[in-house]
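# Results of the structural survey
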Amino acid sequence: MDKNCNEFVHLHVHTFWSLLDGQCKPIELVKRAKELGYKAIATTDHGTTAGLVEMYRICQDEGIKFIPGCEVYTCDNMLLKDNDHKHRNHLILLAKNYTGYKNLLKLTTIGNIIGKYYKPRVDDTALFAHSEGLIVLSACRAGIIPEYILAGNIDKAIEKAVMY
């Protein structure tokens, strides 16, 4: 094991709460993280915060700091629900404090109740209204920032990154 391994923190991990996307069981994930000497771990399940309390309790029991998160689906306008508005991107949100945790819960609730169109979605209006205490990561290839970069639109990618 690398002596610096315990400085590494996973900030984008899916558990079985990410339906059809993640397989790891929270208890096994945390026990393995502890075995590797991790001091902290985050989970960012797709569109849901359903497993956060379970992860928090397991991490508490194992002496690992838990960073609550979610990989949300974003769109231009979550109120529009037609074939022209099926496109959505991914965005990682991490709670840096209790206010961020509450805002994370608010956003996933909004996405599932107001923005739901095939999958739960939020737009920039909702994100900015509930951004306090949150850290934003650009997500995977399906994120808007990577999408702009892959299309060669670096200026738009930078603009979006700065906005977030």
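Computed from a prediction, not measured in an experiment: that's the story for all the values here.

Along an α-helix, residues three or four apart share an orientation, since each turn contains 3.6 residues. Buried within helix α2 (residues 52-62) are the following residues: Leu52, Met55, Ile58, Cys59 and Glu62. Buried residues in α2, looked at end-on, bunch into an arc of 130°, giving them a common side. Among the exposed residues of α2, those pointing more than 90 degrees away from its buried face are Arg57 and Asp61. Those residues of α2 hidden inside the fold are in contact with α1 (26-35), β1 (40-43), β2 (65-74) and α3 (98-113).

Attention shifts here to the nonpolar core. What tends to happen in soluble globular proteins is that the nonpolar side chains get buried as a cluster. Counting 26 residues, the largest nonpolar core has Ile41, Met55, Cys59, Leu93 and Leu107 as the members making the most contacts within it. Put simply, the parts of the chain that give this core at least two residues each are α1, α2, β2, β3 (89-95), α3 and α4 (124-129). Apart from the residues within four sequence positions on either side, Met55 is in contact with Pro26, Leu29, Val30, Ile41, Thr43 and Phe66. In this structure, Ala40, Ala42, Leu94 and Ala139 belong to the second largest nonpolar core, which totals 6 residues.

The tally for this structure, following the rule as stated, stands at 5 aromatic pairs. When the ring of Phe128 is compared with that of Tyr164, the centres are 6.5 Å apart and the planes differ by 40°; the resulting orientation is tilted. Taken together, the residues span a long stretch of sequence, with Phe128 in helix α4 and Tyr164 in the segment after α6 (154-163) at a distance of 36 residues. The exposure class assigned to Phe128 is partly exposed, which follows from its relative accessible area of 40%. Taking NZ or CZ as reference, Arg88 lies 5.8 Å from the ring centre of Tyr73, over its face.

The rules behind these values
Residues numbered from 1 in each chain as written. Predicted model: local features only at pLDDT ≥ 70, side-chain atom pairs only at ≥ 80, totals over all residues. Heavy atoms only, no water. Buried < 20%, exposed > 50% of the residue type's maximum accessible area, 1.4 Å probe, protein only. Helix = DSSP H or I, 4+ residues; strand = E, 2+ residues; numbered from the N terminus. Arc of directions from axis to C-beta. Contact = heavy atoms within 4.5 Å. Core = buried A, V, L, I, M, F, W, Y, C linked by side-chain atoms within 4.5 Å. Phe/Tyr/Trp six-rings, centres within 6.5 Å; stacked < 30°, edge-to-face > 60°. Lys NZ or Arg CZ within 6 Å of the ring centre and 35° of its normal.

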